[in-house]
Amino acid sequence: MKIQETSSNYDVIIVGAGIVGCAMARRFTLEGASVLVLEKSTDILDGASKGNSAILHTGFDAPPNSVEHGCIVEGYQEYIQIRAKLNLPLLETGALVTAWTHAEENLLEGILAKAQLNGVVDAKLLSAKQTLLLEPELSSQVKAAIHVPREFVIDPWTAPTVYMLQAIKNGAKLLRNAEVKSGEFNGDYWLLKTTRGSVKCSTVINCAGLYGDKLDALLLNKTSFEIRPRKGQFLVYDKAASRLIKSIILPVPNDITKGVVVCRTAFGNVLVGPTAEEQQSRDDASVTRDALNALKAKGIEIIPALANLPITATYAGIRPATQFKDYCIERFDDKNYISVGGIRSTGLTGALGIAQYVFKMYSSASKKHQPLGSPLYPSVIPIAESEKRDWKQKGNEGIVCHCEWVTQREIKKALTGVMPAGSLEGLKRRTRVTMGRCQGFYCSAQLSQLTEGYFKEPIAKPVKGGVNE
Amino acid sequence: MNNIPKSCEVAIIGSGPAGLSTAIALKKQGIKDVWVIERFGDAGGNPRHCGHSPFGMREFKRVYFGPKYAKQLVKTALKQGVKIALNTTVVSIEKGGLLTLSTEEGVKTLNAKSVVLSTGIREKPRSVRLISGQRPLGIMTAGALQSMVYLSENKPFERPVIIGSELVSFSSVATCRHASIKPVAMIEENARPTAWAFLSLYPRLQGVKFLNKTRLVEIIGKKRVEAVRVETASGQLETIQCDGVIFTGQFTPEASLARLGHLDIDTLSNGPLVDQFGRCSDTRFFASGNVLRPVETAAWCWQEGIDTAQHIVSSLNQTLDVNEKNIKIATRSPVIKFCVPQRLSYTQDIKKVDLQIRLTRKAKGLLGLYAKNIKICEKRISGLPERRIIMTISVDEMKLIFSSKENLELRFEGS
């Protein structure tokens, strides 16, 4: 469906509906701007945002005084403020930065000092004995740890989905399957040509994630950063594993990577990962057997009891890293253009803070808007284990996915409404269907019926003339 | 139909061959209140979507295709007065026989004097096999394909490759044929098929290449499967164009309720740990059928259900000894895939016990059951993986075991 929207002039067009784009759309809408979001994929959260470790960071180990640290702190605070009203879960896990060698143990003091500098004053050093008292299933090889009580786990899909839904509910527009092909700035407004037609706005905000540098180049003929895709693979363990730990188990980071984390998820599983692999491709999120085996060994080294538990799923995410250590957020005044690039590992926490930061940057130069007096709140399907899941409610129309207890009513809801799932992946992120231990053994058949006619890429098609006997 | 009471005598979780036969046998023995809890909208378990024969020879003295056989089981159960609650999921089990259920009307609870886990089995999906590649559409297990074809009349691909060569792998060739899907190849890591050797002729007859000594290395494709990369016997990498991947076999018990509940799990079988009566670590709970181990025929599960029912009746009549002390059967041999039961409970009335054993690889030699270094019994074997091996402990050997009070170890000597 082509559109010609050049008659309406949006205040801002946000390119990219990842976590950052979703938070940006919400912030600008709440501040009173008219917003259009362009997403090239069939659904939101389809790039870097689809595979992360779901941690709400305090920023204890971020570079002090960096833009990233500021955004993490602001993002963290706003999440805690808004989560009750938006029904967003919070697993109050705390984290342990664990040292496994004497060399690593010697680094803990420095990490603690950095945490203090970053305002995380409740972090404290634990002996091996204290660490094991807190986490008895941790390998007894642990030498010492730093306890960071306010590092938490959140639901990485519902949070950004709700940000976008709240934006839409309050007037923002989302166009999917809309890739920006070219753009002109005439000194007053931008005219963007997309795969779904032409659109007009005063300011463009580049939230294109893994393609951020390419969009800059396309629209500005220059870019101040270069995306260097860094892949992270993860293992997801069976829900039975979640009894083994309370805290997020972090390693002592080195220069290259933050290292392999073991933590619970909002859905009741346990996660081991990520790897950190530099690669050329921006969209190849392949898992590889060797890396998965290495993660498995690493997980067992940290929590020996994982050896007896089944793996549920594997996945990989690609972080939009750049040549710089910090986020790359820049305003191009002469072009009414803000580029938000290089939002890597901490984007889930940082997003709300980034949106605030960018709005300040924007409003210091652009026209003033009237913030919404009483914004509307969307309703979403609660999928975290701690929430009021639909299978507990009357009229749920029966469970379809028997591993994650996803009901028929939930699936129907996710396929309709203002932002229906555009693909099986999108449906999975909204409901968790097929994401459990059987990975679709029990529910694929019913799911192929329920989703018929909804996806551009269907799960299956009818057998012509019926099944042969 | 789903008027589930607050309590009942026996609650059976799962309405496959094992669950229904347990229920039927219990009714025949005069147990009044038997409820089978089924999470799907129709009863019968996995045979519902096994569109092949033979089923039912032992149970009904005639040959059925899976779906017909499942219907026959359900009909027999209902005739015996078994009550089946459909669209009802047991979400958790607790000590004392308390089940929490999710129904279309919301959450309910059911308290049972005895509970039977007969939740069956499923295939290992791609994720557990740690296969390289992205996550395109068109990757599924043989069971998922079967239900998609037979229950929903849908097909997810046209030219898939089939990974594995167990019986179910060959059955998926038949499934494909029913839906006019044309598999490109069947891929097996070993030199010969896991199922009977002559079966390797079957795919060829259907125009499907059988590639032995070939290992799946990577799935290629982003939106949909485009090809697979395999490593051949000579170590060369080859690309096979296809639009789907069917992962077959490598069954694993669907024992999540036990694992997430309070019952002990055997890390070899991946099913609940049981004694010779099918009793779990909480003696109010029993297990029967394929949830015990991967994998047996429907007829075997059906017989297991009948045997388990007998023990449940004894347990309800309090004639089955409950003794905290029992004898463990363990193994450290990498050749032994599992041994069920994993425990022997003391009883007054000593009977012979059959150990169900499977191998991890082709092996020839001697299986021995040892109490410390005393050999209790032995069995000479020459077998392949996935083949049924039964080692019988005689009444006299059982007496010896109970008098020695030592835990047992299953060992293998040979090649």
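Predicted model, so just to flag it, every value in this text is computed and none were measured. (Residues numbered from 1 in each chain as written. Chains lettered and ligands numbered in written order. Predicted model: local features only at pLDDT ≥ 70, side-chain atom pairs only at ≥ 80, totals over all residues. Heavy atoms only, no water.)

Summing up its helical and strand segments, chain A has eleven helices and 22 strands in all. Over its C-alpha atoms chain A spans a radius of gyration of 22 Å, differing by no more than 12% from the 23 Å that the globule rule assigns to 469 residues. Across its three principal axes, chain A shows a C-alpha extent of roughly 70 × 65 × 45 Å. Expressed as a percentage of its 469 residues, the buried residues of chain A come to 62%. In chain A, of all internal contacts separated by at least 6 residues, the share reaching a separation of at least 24 is 72%. In the structure as shown, chain A presents an accessible area of about 18,300 Å², 51% of it carried by carbon and sulfur atoms. (Helix = DSSP H or I, 4+ residues; strand = E, 2+ residues; numbered from the N terminus. Rg over C-alpha atoms; globule rule 2.2 N^0.38 Å. Buried < 20%, exposed > 50% of the residue type's maximum accessible area, 1.4 Å probe, protein only. Contact = heavy atoms within 4.5 Å. Areas by Shrake-Rupley, 256 points an atom, 1.4 Å probe, with all protein chains shown as cover.)

This next bit is on the overall build of chain B. Helices and strands together make up the secondary structure of chain B, namely nine helices and 27 strands. In summary, chain B has a C-alpha radius of gyration of 22 Å against a globular reference of 22 Å for 415 residues, a match within 12%. Judged by the C-alpha coordinates and their principal axes, chain B covers about 60 × 55 × 40 Å. Taking all 415 residues of chain B together, 60% fall into the buried category. Taking as baseline every contact in chain B between residues at least 6 positions apart, the subset at least 24 positions apart corresponds to 63%. When the accessible surface of chain B is totalled, it reaches about 17,000 Å², and 51% of it is carbon and sulfur.

For the rest of this paragraph, the subject is helix α5 (residues 158-169) of chain A. Residues and elements named next belong to chain A. Between its first and last C-alpha atoms α5 spans 16 Å; for twelve residues at 1.5 Å apiece the expected length is 16 Å, and the two agree. Summarising burial for α5: eleven of the twelve residues are buried, a large majority. Looking at α5, one finds that the buried residues are Thr 158, Ala 159, Pro 160, Thr 161, Val 162, Tyr 163, Met 164, Leu 165, Gln 166, Ala 167 and Ile 168. Residues of α5 that are buried in the fold lie against α1 (19-30), β2 (35-38), α2 (67-82), β8 (173-175) and α8 (347-363). Where α5 ends, the next residue or the one after it, Gly 171, has phi of about 115 degrees, a positive value. (Expected span 1.5 Å × (residues − 1).)

Moving on, we get to the domain arrangement of chain A. Residue and element names in this part refer to chain A. For chain A, the assigned domains are domain 1 (3-51 + 157-226 + 324-363), domain 2 (91-152 + 228-321) and domain 3 (390-450). Spacing between the C-alpha centres of domain 1 and domain 3 amounts to 30 Å. On the side of domain 3, eleven residues touch domain 1, which itself brings 13 residues to the contact. Applying the counting rule to domain 1 against domain 3 returns two salt bridges. Between Asp 46 and Arg 429 there is a salt bridge, with its nearest N and O atoms 3.3 Å apart. (Domains from an automatic or database assignment. Salt bridge = Lys/Arg side-chain N within 4 Å of Asp/Glu carboxyl O.)

With that settled, the discussion passes to the domain arrangement of chain B. Residue and element names in this part refer to chain B. Entries for chain B in the domain assignment read domain 1 (1-123 + 252-320), domain 2 (125-249) and domain 3 (324-415). Domain 1 and domain 2 are separated by 31 Å when their C-alpha centres are compared. Listed as interface residues are seven residues of domain 1 and, on the opposing side, 14 residues of domain 2. When the two sides are added together, the surface that domain 1 and domain 2 hide from each other amounts to roughly 810 Å², 53% of it contributed by carbon and sulfur. A per-residue breakdown of the area domain 1 buries against domain 2 is headed by His 49, Gly 51 and Glu 123, which together make up 73% of the total. Taken together, the connections running from domain 1 to domain 2 amount to four residue pairs in polar contact (both at pLDDT 80 or more). Of the residues belonging to the side of domain 1 that touches domain 2, the class tally is one nonpolar, three polar and three charged. (Buried area = accessible area lost by both parts, 1.4 Å probe. Polar contact = N/O pair within 3.5 Å; in protein donor to acceptor, adjacent residues only side chain to side chain. Nonpolar A, V, L, I, M, F, W, Y, C, P; charged D, E, K, R; others polar.)

On to the sheet that holds strand β24 (residues 363-371) of chain B. All names here are of chain B. Taking strand neighbours across the sheet as the criterion, the five strands line up as β22-β20-β27-β24-β25 in an open arrangement whose pairing is mixed. Two strands bound the open sheet, and with one partner strand each, they are β22 (343-345) and β25 (374-383). Between one strand axis and the next, the sheet turns through 20 degrees on average, direction left out of account. Both β24 and strand β27 (residues 408-414) contribute to a ladder of seven bridges, which runs antiparallel. For Gly 365, the partnering residue across the bridge sits in β27 and is Gly 414. (Pairing = 2+ DSSP bridges. Axes fitted to C-alpha atoms, helices over the stretch in contact; angles between N-to-C directions.)

Residue and element names in this part refer to chain A. Both strand β18 (residues 328-332) and strand β19 (residues 337-341) contribute to a ladder of five bridges, which runs antiparallel. Note on β19: the bridge partner recorded for Cys 328 is Gly 341. With antiparallel pairing between neighbouring strands as the criterion, β18 and β19 make up a hairpin whose turn holds four residues, including Asn 336 at a positive phi of roughly 50 degrees.

Residue and element names in this part refer to chain B. The five strands are arranged β9-β17-β11-β12-β13 in an open sheet whose pairing can be described as parallel. At either end of the open sheet lies a strand with only one pairing partner, and these are β9 (139-141) and β13 (209-211). Averaged over all pairs of adjacent strands, the angle between their axes in this sheet comes to 20 degrees, without regard to strand direction. For β9 and strand β17 (residues 244-247), the ladder comprises three bridges, and the chain directions are parallel. Of the residues in β17, the one forming a bridge with Met 140 is Ile 246. Those strands touched by helix α4 (residues 142-150) are β9 and β17, and its axis lies near 90 degrees from that of β9. Here helix α5 (residues 167-178) sits on the sheet and contacts β11 (160-163), β12 (185-187) and β17; the angle it forms with β11, its principal contact strand, is near 160 degrees.

Turning our eyes to something else, we now look at the state of the cysteines. If you walk through the whole model with that rule in mind, you get zero disulfides over all chains. Between Cys 403 of chain A, a cysteine without a disulfide, and Cys 438 of chain A, which holds the nearest cysteine sulfur, the sulfur-to-sulfur distance is 3.7 Å. (Disulfide = S-S within 2.5 Å.)

Another point: the environment of Ser 363 of chain A. All names here are of chain A. With respect to the helices and strands, Ser 363 occurs in helix α8. Note on Ser 363: relative accessible area 18%, which makes it buried. Separated by 332 residues in the primary sequence, Ser 363 and Glu 31 have C-alpha atoms spaced 9.9 Å apart. Among the polar contacts listed, one links the side chain of Ser 363 to the backbone oxygen of Lys 360, at a separation of 3.3 Å.

Moving on: the interface of chain B and chain A. On the side of chain A, 60 residues touch chain B, which itself brings 56 residues to the contact. Summed over both sides, the interface between chain B and chain A buries roughly 4,900 Å², with carbon and sulfur atoms accounting for 53% of that surface. Among the residues of chain B in contact with chain A, Leu 130, Arg 135 and Arg 259 of chain B are the three that bury the most area, contributing 14% of the side total. Here chain B and chain A share two salt bridges between them. With a closest N to O distance of 3.4 Å, Glu 158 of chain B and Lys 461 of chain A form a salt bridge. At the boundary of chain B and chain A, one finds 23 residue pairs in polar contact (both at pLDDT 80 or more). For the side of chain B that touches chain A, the element with the most residues is α4 of chain B, which contributes six residues. Residue classes in the side of chain B that touches chain A are distributed as 18 nonpolar, 20 polar and 18 charged. Of the pairings in the sheet, the one linking strand β22 (residues 461-462) of chain A to strand β10 (residues 154-155) of chain B comprises two bridges and is antiparallel in character. Bridged to Lys 461 of chain A within β10 of chain B is Lys 155 of chain B.

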